[in-house]
Amino acid sequence: MNESADLHLIIANKNYSSWSFRPWLAMAAGGVEFRETVVPFDEPNHNQHFLEFSPSKKVPVLQHGDLTLWESLAIMEYVADLNPQAGLWPEDVVERGKARAVSHEMHGGFSALRAECPMNMRRKIGAIAVSDAVRADVARIETVWAECLEASGGPFLFGQFSNADAMYAPVVNRFEVYALSSAPHVEAYSKATKALPAWQKWEEASRAEPWVVEEEEV
Ligand SMILES: N[C@@H](CCC(=O)N[C@@H](CS)C(=O)NCC(=O)O)C(=O)O
C-alpha cells in the first residue's frame, strides 16, 4: 500500500537545518519524486510543535502512507531501498559498505564541528576561533574525503553522487563559510557538490526564508 502513496518529507529551515538537508539533497539529486513541507524552528518554545508530526520531536520526518520515519539516515536508507534506480548507494557491495561507514561516521560523530560551526547557508564567509576538537574533526573529514576521492577518482566520494555525499553536504557549507580548510581536494569536492542543481535549489530557497535563528548565527 505504501508503494503508491507519495513521499512527504517534513523539514525545518533550509538555512539552518543540516539534518533536513541530507535526505532532501539525496532525494532531489537522486531524482526521487517527493513533496516537502517546511516547518520553521520555534526555539523559544523548544520546537514543541514538531511533536505534532515527529515522534522524536526532531526533523527530518518522512511520511509514506501510514508510515512515519524519523532519523535522517534511516530515511535515506528507506528511500534508497524504494528507489534502486536513483543509485543512492554504490552498486558494488564493498563500496556500499564503505559508503555506509563514512555516512555513519558523519551521523554519529564530529560533534565539536557541529556544535561550534552550525550550518548556515546564508552566512558571509569568515573564519572564527575554533577549538582543537573542531580542528581534529576537520582533519579527520579531510582524510575521509581524500581517501574516498582517491579510490573513486571523484568527482563525488564514491564516483557518482550517493547518500554519502548527501551526509557530508552540510560539512561542505561549514568548511566554506567558516573557512575551515584550504586543501585542494576539499575545494574540488566542494565545487562539485555545490554545482548540483539540487544544492542550488536548496540554497536559493534558504536565501528567500524570512526567519533568523539567533542561536545559530555564530
Ligand atoms: N539524529 C537526528 C538528528 C535530528 C535533529 O537534531 N534535528 C534538529 C534540526 S537539524 C531538530 O529537529 N532540532 C529540534 C529540537 O531538537 O528541538 C537525525 O539524524 O535526523
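Residues numbered from 1 in each chain as written. Predicted model: local features only at pLDDT ≥ 70, side-chain atom pairs only at ≥ 80, totals over all residues.

All right, on to the site of the ligand then. Close to the ligand lie 14 residues; Ser-17, Trp-19, Asn-47, Lys-58 and Ser-72 are nearest. Listing elements by their share of the shell around the ligand, those giving two or more residues are α1 (18-29) and α2 (72-82). Here the shell around the ligand takes three residues from α1, the largest share from any one element. Classifying every residue of the shell around the ligand by side-chain character gives five nonpolar, six polar and three charged. (Near = placed C-beta within 6 Å. Helix = DSSP H or I, 4+ residues; strand = E, 2+ residues; numbered from the N terminus. Nonpolar A, V, L, I, M, F, W, Y, C, P; charged D, E, K, R; others polar.)

One can find Ala-151 in helix α5 (residues 132-152). Remark: the alpha-carbon pair of Ala-151 and Arg-96, spanning 55 residues in sequence, is separated by 13 Å.

Attention now goes to the domain arrangement of the protein. In terms of domains, the protein is made up of domain 1 (2-86) and domain 2 (93-201). On the side of domain 2, 17 residues touch domain 1, which itself brings 13 residues to the contact. In terms of residue count, α1 provides more of the side of domain 1 that touches domain 2 than any other element does, seven residues in total. When the residues that make up the side of domain 1 that touches domain 2 are grouped by side-chain class, the tally is nine nonpolar, two polar and two charged. (Domains from an automatic or database assignment. Contact = placed C-beta atoms within 7 Å.)

Turning to α1, a few remarks are in order. Two residues of an α-helix separated by three or four positions point the same way, owing to the 3.6 residues in each turn. For α1, spanning 12 residues, the distance from its first C-alpha to its last is 16 Å, which sits close to the expected 16 Å at 1.5 Å a residue. Of all the positions in α1, only Ser-18, Trp-19, Ser-20, Phe-21, Arg-22, Pro-23, Trp-24, Leu-25, Ala-26, Met-27, Ala-28 and Ala-29 are classed as buried. Each element contacted by the buried residues of α1 is listed here: β1 (7-11), β2 (35-38), α2, α6 (163-177) and α8 (197-208). Just beyond α1, the residue with positive phi is Gly-31, at close to 70°. (Expected span 1.5 Å × (residues − 1). Buried ≥ 20, exposed ≤ 12 C-beta atoms within 10 Å, placed from the backbone.)

Okay, the environment of Ser-190 next. The residue Ser-190 is located in helix α7 (residues 184-194) in this model. A C-alpha to C-alpha distance of 9.9 Å links Ser-190 and Tyr-168, two positions 22 residues apart in sequence. Every residue in contact with Ser-190, bar those within four places of it in the chain, is listed here: Val-172, Phe-175 and Glu-176.

Moving on, we come to the nonpolar core. Among the nonpolar cores identified, the biggest contains 60 residues, and Trp-24, Leu-25, Ala-26, Met-76 and Leu-157 are the most heavily contacted of them. The element contributing the most residues to this core is α6, with nine residues. When residues of this core are assigned to domains, at least three map to each of domain 1 (2-86) and domain 2 (93-201). In this structure, Leu-157 is in contact with Val-102, Trp-145, Cys-148, Leu-149, Ser-152, Ser-162, Ala-164 and Asp-165, ignoring residues within four places of it in sequence. (Core = buried A, V, L, I, M, F, W, Y, C linked by C-beta atoms within 7 Å.)

Next up on the list: the sheet that holds strand β3 (residues 61-64). Read from one edge to the other, the open sheet built from four strands follows the order β2-β1-β3-β4, with strand pairing classed as mixed. Each of the sheet's edge strands pairs with one partner strand only, and the pair in question is β2 and β4 (67-70). Averaged over all neighbouring strand pairs, the angle between strand axes comes to 20°, with direction disregarded. (Pairing = 2+ DSSP bridges. Axes fitted to C-alpha atoms, helices over the stretch in contact; angles between N-to-C directions.)

With four of five residues buried, β1 is to be regarded as a mostly interior element. Relative to β3, β1 runs antiparallel, the two being bridged by four bridges. Within β3, the residue paired with His-8 across the bridge is Gln-63. The pairing of β1 with β2 spans four bridges and is classified as parallel. What sits directly across from Ile-10, in β2, is Thr-37. In this fold, β1 hands off to α1, which returns the chain to β2; that crossover is right-handed. (Right-handed = clockwise from strand over helix to strand, strands pointing away.)

Where α1 contacts α8, the axes come no closer than 9 Å and their chain directions differ by 135°. It follows that α1 is oblique to α8 by the angle criterion. Note on packing geometry: the crossing formed by α1 with α8 is right-handed. Of the residues in α8, those in contact with Phe-21, Trp-24, Leu-25, Ala-28 and Ala-29 of α1 are Ala-198, Trp-199, Lys-201 and Trp-202. Taken together, the residues of the contact of α1 with α8 sort by class into eight nonpolar, no polar and one charged. (Parallel < 35°, antiparallel > 145°, perpendicular 65-115°, else oblique. Left-handed = near helix turned anticlockwise from the far one by under 90°.)

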